[in-house]
Amino acid sequence: MNEPARFQSPEYLAVLSPEPSPIHCACTTESIDAMRQAAEQAYPREACGLLIGTLSAAGWNVQAVRQVANLNTERATDRFQLDPEAYRRIDLELRGSQQEIIGVYHSHPDCPAKPSPTDLGSAWEGFVYPIISVHRGQASDVRCWTLGSDERFRSVPLLQESP
């Protein structure tokens, strides 16, 4: 896939830190497959969802993902708006368990798995953000990011684990 020129613009490059995250994201094969499938099914619109798991000093441990509706109806091909009611409902379901919402995934149809300035505007420090690149309907790349203290995205190593 040819990367759109905007991803090399100063505005887009400014959201990326040259420093990688010192911690990793461990994700089950099942969770990665679920994100990829959701991204392919939503194509050419952006898919989005929540990551469920735990956070430790070593990083994020994703045990499950939950697809959530993209409420953006005007620009769903290049924007997502996570359904806040679904977030609240899932958060309530997790109370009392040993798991919590630890991140948000979304797809980039026909674009690279790199965060955009729009993504920066809705990012929370402490969360991990997998982005799934979908080219012509097929998931082609999954990369993880987190917001650093400098308000830029740091790349996060993604470790795929068997269940």
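Residues numbered from 1 in each chain as written. Predicted model: local features only at pLDDT ≥ 70, side-chain atom pairs only at ≥ 80, totals over all residues. Heavy atoms only, no water.

The next point concerns the overall build of the chain. A count of helices and strands for the chain gives 4 helices and 8 strands. For the chain, the succession of helices and strands along the chain, N to C, is α-β-α-β-β-α-β-α-β-β-β-β. Relative to its length of 163 residues, the chain is compact, with a C-alpha radius of gyration of 15 Å against a globular reference of 15 Å. For the chain, the proportion of its 163 residues judged to be buried stands at 46%. Pairs at least 24 apart in sequence give 68% of the contacts found in the chain among residues at least 6 apart. With an accessible surface of roughly 8,400 Å², the chain has 48% of that area assigned to carbon and sulfur atoms. If the 14 positive side-chain charges of the chain are averaged to one point and the 21 negative ones to another, these points end up 3 Å apart. (Helix = DSSP H or I, 4+ residues; strand = E, 2+ residues; numbered from the N terminus. Rg over C-alpha atoms; globule rule 2.2 N^0.38 Å. Buried < 20%, exposed > 50% of the residue type's maximum accessible area, 1.4 Å probe, protein only. Contact = heavy atoms within 4.5 Å. Areas by Shrake-Rupley, 256 points an atom, 1.4 Å probe, with all protein chains shown as cover. Lys, Arg positive; Asp, Glu negative; His and termini not counted. Charge placed at Lys NZ, Arg CZ, Asp CG, Glu CD.)

With that settled, the discussion passes to the packing of aromatic side chains. By the definition in use, this model includes 5 aromatic pairs. Aromatic pair Phe127 and Tyr129: ring centres 6.3 Å apart, planes at 45°, arrangement tilted. Here the two residues Phe127 and Tyr129 agree in accessibility, since each one is buried. Measuring from ring centre to ring centre gives 6.2 Å for Tyr129 and Phe153, while their planes differ by 85°; the resulting arrangement is edge-to-face. (Phe/Tyr/Trp six-rings, centres within 6.5 Å; stacked < 30°, edge-to-face > 60°.)

Here we come to the sheet that holds strand E5 (residues 128-135). Strands sit in the order E7-E6-E5-E4-E2-E3-E1-E8 across an open sheet of 8 strands; the sheet is mixed. Strands with a single pairing partner mark the edges of an open sheet, and in this sheet they are strand E7 (153-156) and strand E8 (158-161). Taking the axes of each pair of neighbouring strands and ignoring which way they run, one obtains an average angle of 35° across the sheet. One ladder, built from 9 bridges, connects strand E2 (residues 48-56) with strand E3 (residues 59-68); its direction is antiparallel. Each residue of the ladder has a partner; that of Ile52, found in E3, is Ala64. The sheet contacts of helix H3 (residues 84-94) involve E2, E3 and strand E4 (100-109), and relative to E4 the element is tilted by about 145°. (Pairing = 2+ DSSP bridges. Axes fitted to C-alpha atoms, helices over the stretch in contact; angles between N-to-C directions.)

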